[in-house]
Amino acid sequence: MSAPNQQVQTESLQAHGVSEGANLDVAVGDGACARPALSVRELSWRCGERAILSEVKLDLPEGKMLGIIGPNGAGKSSLLRCLYRFLTPSSGEIQLFGQPIASLSARAFAREVAVVLQDTPQHFDMTTAQLVALGLTPHKAAFSMTTKADRLAVSQALETVGLKDRAGQTYASLSGGEKQRALIARAIVQQPKLLILDEPTNHLDIRYQIQILELLKALGVTVVISIHDLNLASALCDQLLLLDQGKAVAQGSPKQVLSEVQIARVFGVCCQVSPHPQHGNPQINYFYGYHNHLQNSGKNDRHSEPQGEQPLEAKEANHGER
Ligand SMILES: Nc1ncnc2c1ncn2[C@@H]1O[C@H](COP(=O)(O)OP(=O)(O)OP(=O)(O)O)[C@@H](O)[C@H]1O
């Protein structure tokens, strides 16, 4: 299938320094790889009587990017909080390169795992460079001096996220998107084996959403992100884990997870899924005004089996193009 705006798209990519051949590098593999970096076994977390996460399982190969997707309240942040040890699971186990994370000291864990959260830290009087340099802390002895190599690492990380000219500006005065990129630079400096990011594309304009996710992929470390934009997740994540009411209802490659039926069932929206003209992974086009239709037909009854059918009006809207 040829995209009508392919020429424009190619020019736009070239304008951002991406060669035409490199476009195809965005294509996502099936995630099959020998060594699981992260293993989650029957992970459950309860808050009082309420089960927030129920028996979640996953294996993520080294160097791959996993996107955790699901509706509001599905348990995405709770799962991430278990992964970075803010929450202690009620049952189950998390292993990093075969070692239970619960057995690692705080310092060893900080060397292995970097976290970028939605809530920005309160380092109001720090410069951006000072904030990024905090990422070096787990690798340095107490009271040790800042070295030339440290300064170079900070400078390179700032350049990578496009903030080199903000190095001396206070972190507090950065825009929302600049703050987000500064936190990612801090995580890069930390040189983790596992990078966990809670909605890293929040606050970012579309150029930086794409750029930051491509950057995270290019780092070559194992990455786990929670993300709401299903098209972005489809384009750039190697694997997806779809959570619904604390349960993993689908996992695998974007092609395996992002079906019209699954999206209707879990998110209660009607859509058309077709291969993206560039990378071939699912591209989702949402239909508007069908929420009530789905409710009336029971097709977003999350406890019933999917019907595999779109409302008639949605089919008509497809104009037989599928
Ligand atoms: N400490 C807590 N105490 C009580 N309930 C909690 C706690 N933490 C999370 N929850 C509940 O668990 C559910 C899952 O929350 P979580 O933040 O993990 O969802 P999410 O998928 O990240 O949602 P969103 O997309 O809205 O960010 C929510 O209903 C939330 O209210």
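Above this note sits the structure.
Residues numbered from 1 in each chain as written. Predicted model: local features only at pLDDT ≥ 70, side-chain atom pairs only at ≥ 80, totals over all residues.

Visitor: Can you help me understand the overall build of the protein in this one?
Guide: The helix and strand tally for the protein stands at 13 helices and twelve strands. For the protein, with 322 residues in total, the buried portion stands at 37%. In the protein, of all internal contacts separated by at least 6 residues, the share reaching a separation of at least 24 is 67%. (Helix = DSSP H or I, 4+ residues; strand = E, 2+ residues; numbered from the N terminus. Buried ≥ 20, exposed ≤ 12 C-beta atoms within 10 Å, placed from the backbone. Contact = placed C-beta atoms within 7 Å.)

Visitor: I keep staring at the site of the ligand and nothing clicks. Help me out?
Guide: Near the ligand you find C47, I52, G70, N72, G73, A74, G75, K76, S77 and S78, and these make up its full shell. Taken together, the residues of the shell around the ligand sort by class into three nonpolar, six polar and one charged. (Near = placed C-beta within 6 Å. Nonpolar A, V, L, I, M, F, W, Y, C, P; charged D, E, K, R; others polar.)

Visitor: What's the story with helix α6 (residues 148-160) in this structure? I'm lost.
Guide: It helps to recall that an α-helix has 3.6 residues per turn; residues three or four apart then point in one direction. Over its 13 residues, α6 extends 18 Å from the first C-alpha to the last, a length consistent with the 18 Å expected when each residue adds 1.5 Å. Listed in full, the buried residues belonging to α6 are A153, V154, A157 and L158. All buried residues of α6 fall inside an arc of 130° around its axis, so they share one side. Opposite its buried face, α6 presents the exposed residues K148, A149, R151 and L152, each directed more than 90 degrees away. If you follow the buried residues of α6, they end up packed against α5 (128-133) and α7 (176-189). (Expected span 1.5 Å × (residues − 1). Arc of directions from axis to C-beta.)

Visitor: Just to check I follow, could you spell out the nonpolar core for this structure?
Guide: In a soluble, globular protein the nonpolar side chains are often hidden away together inside. Judged by nonpolar contacts, the single largest core of 77 residues is most densely connected at V132, A157, A185, L195 and I196. It is α7 that provides the largest number of residues to this core, a total of seven residues. Dropping the residues within four chain positions of it, A185 is found in contact with V132, A157, L158, T160, V161 and L163. (Core = buried A, V, L, I, M, F, W, Y, C linked by C-beta atoms within 7 Å.)

Visitor: Quick question: what am I supposed to make of the pairing of strand β12 (residues 282-286) here?
Guide: A regular strand places its side chains on the two faces of the sheet in alternate fashion. In the sheet, strand β11 (residues 271-275) pairs with β12 via five bridges, with the strands oriented antiparallel. For C271, the partnering residue across the bridge sits in β12 and is Y286. Counting the residues in the hairpin turn of β11 and β12 gives six residues, including G280, whose phi is positive at 85°. (Pairing = 2+ DSSP bridges.)

Visitor: What exactly am I supposed to notice about the sheet that holds strand β5 (residues 99-100) here?
Guide: Two orientations exist for strands paired in a sheet by backbone hydrogen bonds: parallel and antiparallel. The strand order across the open sheet built from four strands is β2-β1-β4-β5, with neighbouring strands paired in antiparallel fashion. Every interior strand has two partners, whereas the edge strands, β2 (50-61) and β5, have only one. Relative to β5, strand β4 (residues 91-96) runs antiparallel, the two being bridged by two bridges. When the bridges of β5 are listed, Q95 appears paired with P100.

Visitor: So what exactly am I meant to see when it comes to the pairing of strand β7 (residues 194-198) here?
Guide: Of all five residues in β7, five are buried; the element is thus mostly enclosed. Going residue by residue along β7, you find L194, I196 and D198 tucked away on one face and L195 and L197 tucked away on the opposite face as well. Taken together, the four bridges between strand β6 (residues 113-116) and β7 define a ladder with parallel strand orientation. Bridged to V116 within β7 is L197. On the question of chirality, the crossover connecting β7 to the parallel strand β8 (residues 222-226) by way of helix α8 (residues 206-218) is right-handed. (Right-handed = clockwise from strand over helix to strand, strands pointing away.)

Visitor: So what exactly am I meant to see when it comes to the sheet that holds β6 here?
Guide: If you trace the six strands from one edge of the open sheet to the other, you get β6-β7-β8-β3-β9-β10, paired in mixed fashion. Two strands bound the open sheet, and with one partner strand each, they are β6 and β10 (247-252). Across the sheet, the mean angle from the axis of one strand to that of its neighbour is 15°, orientation sign disregarded. Here strand β3 (residues 65-69) runs beside β8; their pairing, made up of four bridges, is parallel. Residue pairing across strands places G67 opposite I225, the latter belonging to β8. Relative to β8, helix α3 (residues 76-83) is tilted by about 145°, and along the sheet it contacts β3, β7, β8 and β9 (239-244). (Axes fitted to C-alpha atoms, helices over the stretch in contact; angles between N-to-C directions.)

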